[in-house]
Amino acid sequence: MVTATVREWSDEEGWGVLDSPETPGGCFGHFSDIQVSGFRTLSPGQQVDLEWEAPGFTQDGYDYRAVSIVPPGPPDIRFLVRGLPGPPPRVALDFERTRIHSVPP
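These numbers were taken from a predicted model, which means no experiment stands behind them.

Definitions and limits used
Residues numbered from 1 in each chain as written. Predicted model: local features only at pLDDT ≥ 70, side-chain atom pairs only at ≥ 80, totals over all residues. Heavy atoms only, no water. Helix = DSSP H or I, 4+ residues; strand = E, 2+ residues; numbered from the N terminus. Buried < 20%, exposed > 50% of the residue type's maximum accessible area, 1.4 Å probe, protein only. Areas by Shrake-Rupley, 256 points an atom, 1.4 Å probe, with all protein chains shown as cover. Phe/Tyr/Trp six-rings, centres within 6.5 Å; stacked < 30°, edge-to-face > 60°. Core = buried A, V, L, I, M, F, W, Y, C linked by side-chain atoms within 4.5 Å. Contact = heavy atoms within 4.5 Å. Salt bridge = Lys/Arg side-chain N within 4 Å of Asp/Glu carboxyl O. Pairing = 2+ DSSP bridges. Axes fitted to C-alpha atoms, helices over the stretch in contact; angles between N-to-C directions.

(A) Quick peek at the overall build of the chain. Across its full length, the chain holds zero helices and seven strands. For the chain, the α and β elements follow one another from N to C terminus as β-β-β-β-β-β-β. In the chain, buried positions account for 27% of the 105 residues. Accessible surface, the chain: about 7,300 Å² in total, of which carbon and sulfur atoms supply 55%.

Shown next as structure tokens:
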């Protein structure tokens, strides 16, 4: 996996171009290769982790094609909970009473 920068992205067409030193000339990326839940989109200038292949033919004019695109996500909760021994605590959300409380393991 390499770090790449999104050169351009079209939500309407569902694809774009990613640049990295390992993919000279650009790498074709399709929205289905973005590893997130929900709406899959990227923004020009965004840094992502990229797995790519050189299929031996051009994909929309590009010699390289993305296999997996991983945008940065939220930090792991274990790094947000400081001073607590062991794994992070489990929590439950109570939307009727709008409160958060701990759940025993």
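(B) Structural view of the packing of aromatic side chains. A full pass over the atoms with the stated rule returns two aromatic pairs. Ring centres 5.2 Å apart and planes at 90° place the aromatic pair Trp52 and Tyr64 in the edge-to-face group. Here the residue Trp52 occupies a position in strand E4 (residues 47-53), and Tyr64 occupies one in strand E5 (residues 64-70), the gap between them amounting to twelve residues. On the basis of relative accessibility, which here comes to 31%, the residue Trp52 falls in the partly exposed class.

(C) Just the nonpolar core, in detail. Residues Val6, Leu18, Leu42, Val48, Leu50 and Ile69 are the most contacted members of the largest nonpolar core, which totals 13 residues. Element by element, the count of residues in this core is highest for strand E1 (residues 2-10), at four residues. When near neighbours in sequence (up to four residues on either side) are disregarded, Val48 contacts Val2, Thr3, Ala4, Val6, Leu18, Leu42, Ile69, Val70 and Pro71.

(D) Representation of the environment of Pro44. Relative to the assigned elements, Pro44 resides in the loop between strand E3 (27-30) and E4. The exposure class of Pro44 is exposed, given its relative accessible area of 57%. Separated by 35 residues in sequence, Pro44 and Trp9 have C-alpha atoms that sit 6.4 Å apart. Among residues more than four places away in sequence, those in contact with Pro44 are Val6, Arg7, Glu8 and Trp9.

(E) Quick look at the pattern of salt bridges. Scanning the entire structure with this criterion turns up two salt bridges. For the salt bridge of Arg7 with Asp19, the shortest nitrogen-to-oxygen distance reads 2.7 Å. Pair noted here: Arg7 is in strand E1 and Asp19 is in strand E2 (residues 15-19), with a separation of twelve residues, a long-range link. Here Glu53 ties to Arg65 by a salt bridge, and the two come within 2.4 Å at their closest N and O atoms. Note that Glu53 is positioned in strand E4 and Arg65 in strand E5, a separation of twelve residues in sequence.

(F) Spatial organisation of the sheet that holds E2. Reading around the circumference, E1-E2-E3-E5-E4 is the order of the five strands in this closed barrel, with mixed pairing throughout. The sheet shows a mean angle of 50° between the axes of neighbouring strands, direction not considered. Bridge count between E4 and E5: five bridges; the pairing is antiparallel. Following the sheet pairing, Glu51 is matched in E5 by Ser68.

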